[in-house]
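# Observations on chain architecture
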Amino acid sequence: MAARGLEKTYGADRAREIARASLGYAKLDISVRDAEERAQWAEKLGGTLLPTGTIRLESGQRIRDLPGYNDGKWWVQDAAAALPALLFSQYDGKTIYDLCAAPGGKTMQLAARGANTIAVDKSEGRLRRVYENLERVDLGAAIVTGDATDLADDAPIADAVLLDAPCSATGTIRRHPDILLRSSDALMKSLLPIQQKLLLQADRVLAVGGELIYCTCSMQPDEGEFQIKSFLADHPNYARKPITADELGGWDEAITTEGELRILPTHMADLGGMDGFYCTRLVKQRG
């Protein structure tokens, strides 16, 4: 990820802050299956309950040895990555796609809230982790092995779609420092048409009145803000539904003027920082 790219997007001072934060150590974040038990598990695990609902622990712990893991009470999931699945208006009994679902954190979140979840991913190996995770936490979902850029003609129409699109992953350098070696403008540009195809497929299976949440773990606007601006220009039947601080436990640091989330590694700095992330919520107003 070229420094000049960050400077162009965020300015020189903010780019330096992002770079420093990206080279730090990430904390261990977990999502609790039953929301009403979050405070209880934060106390049991000696963690900090973030305003967004994630429990944050110190890194370096052996996950399988922690209380509640074998009982399926929680799973590991970055605090930023846990936010998109919390933003739908309705869950119970609703059909919701989780496109590009592996390793399954968002699938479990949706299923835990009562959604009839359809998890789609083209990697059989990665989907095995989804199966294993669902089994451990005693949750169910329909698992579909397939390329989400080309869903079956008879794919069910859904009430909502969550699309965590493949991207350059520049927001996850703290966890995957090898991204510094392989990230490039060429890689990012090769992913843009895939993201566009995924958005088109999400539109195809989304019912009128349904919500589409699009997110990436990238700090590049090309894969986030610009991608959605282009989609909305081509799909005037969609409109943004602004994300509010009330939905995030009062946390408003990352909410933009458009009502989207632009999370940076510098956010929640006093609590250990965040992965870089982008998230927007759209409503399909007509066919």
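A quick note: this is a predicted structure, and the numbers were derived from the prediction, not measured. (Residues numbered from 1 in each chain as written. Predicted model: local features only at pLDDT ≥ 70, side-chain atom pairs only at ≥ 80, totals over all residues. Heavy atoms only, no water.)

## Structural notes on the overall build of the chain
Definition in use: Helix numbers and strand numbers start at the N terminus; a helix is a DSSP run of H or I with at least 4 residues, a strand a run of E with at least 2. Throughout, the radius of gyration refers to the C-alpha atoms, and the reference size of a globule is 2.2 Å times the residue count to the power 0.38. To sort residues, take the accessible area from a 1.4 Å probe on protein chains only and compare it with the maximum for the residue type: under 20% means buried, over 50% means exposed, and anything in between is partly exposed. Working rule for contacts: check all heavy atoms of both residues, and any pair within 4.5 Å makes them a contact. Note on areas: Shrake-Rupley, 1.4 Å probe, and residue coverage restricted to the protein chains presented here. Only four residue types enter the charge count, namely Lys and Arg as positive and Asp and Glu as negative; His and the chain termini do not. A charged residue contributes its charge at one atom only: NZ of Lys, CZ of Arg, CG of Asp or CD of Glu.
Counting its regular elements, the chain contains eight helices and 12 strands. Scaling as 2.2 N^0.38, a compact globule of 287 residues should have a C-alpha radius of gyration of about 19 Å, and the chain matches this with 18 Å. Its C-alpha atoms give the chain principal-axis dimensions of about 50 × 45 × 35 Å. Buried residues in the chain amount to 52% of all 287 residues. When contacts within the chain are restricted to residue pairs at least 6 apart in sequence, those whose partners lie at least 24 apart make up 70%. Accessible surface, the chain: about 13,100 Å² in total, of which carbon and sulfur atoms supply 48%. Between the mean site of the 34 positive side-chain charges and the mean site of the 41 negative ones, the chain shows a separation of 3 Å.

## Considering the environment of V130
Here V130 lies in helix α5 (residues 124-136). Since its relative accessible area comes to 1%, V130 is described here as buried.

## So, the sheet that holds strand β1 (residues 28-32)
Strand pairing in a sheet relies on backbone hydrogen bonds, with the paired strands running either antiparallel or parallel. Our working definition: Only strands joined by at least two bridges in the DSSP assignment are considered to pair.
Strand order across the open sheet formed by four strands is β2-β3-β1-β4, with antiparallel pairing between neighbours. In this open sheet, the two strands that pair with only one neighbour each are β2 (48-49) and β4 (74-76). Here β1 pairs with β4 via three bridges, running antiparallel. Residue pairing in the sheet places S31 in a bridge with W75 of β4.

## Let's talk about unusual backbone geometry
Cis geometry marks the peptide bond from A102 to P103; its omega dihedral reads 10°. Relative to the helices and strands, P103 resides in the loop between β5 (95-99) and α4 (105-112). At C100, a residue that is not glycine, the phi angle is positive and equals roughly 60°. Mapped onto the elements of the fold, C100 is located in the loop between β5 and α4. Backbone geometry at A169 places phi at a positive 60°, although glycine is not the residue there. Structurally, A169 can be placed in the loop between β8 (158-164) and α6 (179-182). Judged by relative accessible area, which is 14%, A169 ranks as buried.

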